[in-house]
Amino acid sequence: MGAFVSNRRVPTPVGQIEVERAIAEIRAGRPVVLLHGSERFVVSAVDTLERAGAEELELAAKGSACLVLSAPRLRRLGLDRSESGCVALPRIDVDRVQHLSYEADARIDAPVAGLTPLHVGALELMRLAMVLPAAIILTSAEAEALLPHLLSVSLMNLNAYRVGRRAALRIVSRAQVPLEGATNTEFVVFRGGEGLRDQVAVIIGRPDLSQPVRVRLHSACLTGDLFGSLKCDCGDQLRHTVGEMAATGGGILLYIDQEGRGNGLSTKIRAYELQARGYDTFEADEILGHGQDQRGFDFAADMLAQLGVRSVRVMTNNPSKIAALKDAGLDVVSDHRIVGRRTDHNVRYIAAKRDRAGHYFEHDF
Ligand SMILES: Nc1nc2c(ncn2[C@@H]2O[C@H](COP(=O)(O)OP(=O)(O)OP(=O)(O)O)[C@@H](O)[C@H]2O)c(=O)[nH]1
Ligand SMILES: [Zn+2]
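The rules behind each value
Residues numbered from 1 in each chain as written. Chains lettered and ligands numbered in written order. Predicted model: local features only at pLDDT ≥ 70, side-chain atom pairs only at ≥ 80, totals over all residues. UniProt positions renumbered as here; feature names shortened; annotations may be inferred. Contact = placed C-beta atoms within 7 Å. Helix = DSSP H or I, 4+ residues; strand = E, 2+ residues; numbered from the N terminus. Buried ≥ 20, exposed ≤ 12 C-beta atoms within 10 Å, placed from the backbone. Near = placed C-beta within 6 Å. Nonpolar A, V, L, I, M, F, W, Y, C, P; charged D, E, K, R; others polar.

An unreviewed UniProt entry lists the protein chain under the name GTP cyclohydrolase-2, from Methylocystis heyeri. In UniProt, the protein chain has this text filed under Sequence similarities (unreviewed entry): "Belongs to the GTP cyclohydrolase II family." Under the heading Catalytic activity (unreviewed entry), UniProt records this for the protein chain: "GTP + 4 H2O = 2,5-diamino-6-hydroxy-4-(5-phosphoribosylamino)-pyrimidine + formate + 2 phosphate + 3 H(+)".

Okay, structure coming up:
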């Protein structure tokens, strides 16, 4: 593999910039205006809502705000829902909003209104910003006073964002980075893709691209990868992958910005707090409003394609990763288990992945 750095310039369209700015606003705790035709909504994230911000919203809302929640969260609140919905908020009371959005024992019997495309867009914006899927919505008539101060983003641009990010995915830099146990290693950094940061392809040794290449898609896990947390198997899997690739003719490890199965670090740590109270890894995510797994691996397949890989031997226990690579047109020649230590702290996590998400594990738990 040569020292080629892609010069393919994909100009960032204005729409992409608009959405990137909206993501930054939401993460900073400021509302944004979401536009669709002549409709406008002011959207605020519950996750980043401060008391002062809530008071400002309350002044503008005049009693007609609503709280958009995802279908898993509404089910958790005791409602029989297969779609997200909107709970009326006669008052924007931070404690009540937080209670409804992520407390484990919260229940409601209030009516839940169906959603317009703008409500759905609000949840998509929360997902892109990697904050909890809960948003306060004000219609523009109520929020007239706020509008001039806020950033606007169109629903059309929001919905096109993911496709644009995928089209813009490109290599921006690459260099040798010798690793312990794998001195012949190159880091190739891609801009674009999923999450809020750059993605990395770690090329170990000199894999022969004319043959099936050993590959691992590894979602970022700060606690496990960097600190050796005993709550999951990520750190071991990462290091075993590097060791195994170095010992067996090389391979490519994609390190993807999908902390907490794509839910973000703050949500993962909230989920850990729920797990300490007895909920398993998937129940905890559901309490916080997330579906079972919101990661997409199509970007990862694009990274491989840009590196010239067509045929792979995947190191994973996760059937969705295998299916995603096949769907993206890669030839998946084989798959191969990659396991970590079993500890008293991770045994439930691994068992839940096996029992609830169909991950392959050879041992019994
Ligand atoms: N939401 C949530 N994410 C977690 C939890 N524990 C670990 N994670 C995240 O789960 C992801 C694990 O990713 P991967 O190592 O790619 O693993 P996987 O989907 O189990 O698949 P394979 O390891 O390939 O079998 C990382 O993003 C972790 O941060 C948890 O309890 N809740
Ligand atoms: Zn982990």
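Moving on, there is more to tell.
**Quick word on the UniProt feature "active site" (unreviewed entry) in the protein chain**
According to UniProt, the positions carrying the feature "active site" (unreviewed entry) are D293 and R295. For D293, the residues in contact, after removing those within four places along its chain, are R261, S320 and A357. Following the sequence through the fold, R295 ends up in the loop between α10 (281-287) and α11 (298-306). Looking at R295, the number of C-beta atoms within 10 Å reads 20, which means it is buried. When neighbours within four sequence positions are excluded, R295 is seen to be in contact with S219, Q258, R261 and G262.

**A short note on the site of ligand 1**
S219, C221, T316, N317 and N318 are the nearest of the 23 residues found near ligand 1. When residues of the shell around ligand 1 are traced back to their parent elements, those giving at least two are β11 (213-219), α8 (234-247), α9 (265-276), α10 and α13 (347-357). Looking at the shell around ligand 1 residue by residue, the class counts come to six nonpolar, eleven polar and six charged.

**Considering the UniProt feature "binding site: GTP" (unreviewed entry) in the protein chain**
Mapped onto the present numbering, the UniProt feature "binding site: GTP" (unreviewed entry) falls on R216, L217, H218, S219, A220, Q237, E259, G260, R261, T281, T316 and K321. With respect to the secondary-structure elements, A220 resides in the loop between β11 and α7 (222-226). Among the residues examined, A220 registers 21 C-beta atoms within 10 Å and is labelled buried. Contacts of A220, omitting those with residues within four sequence positions, involve D225, Y255, I256, D257, Q258 and E259. Residue class for G260 comes out buried when judged on the 25 C-beta atoms lying within 10 Å of it. Ignoring any residue separated from it by four or fewer positions in sequence, one finds G260 in contact with L265, T267 and K268.

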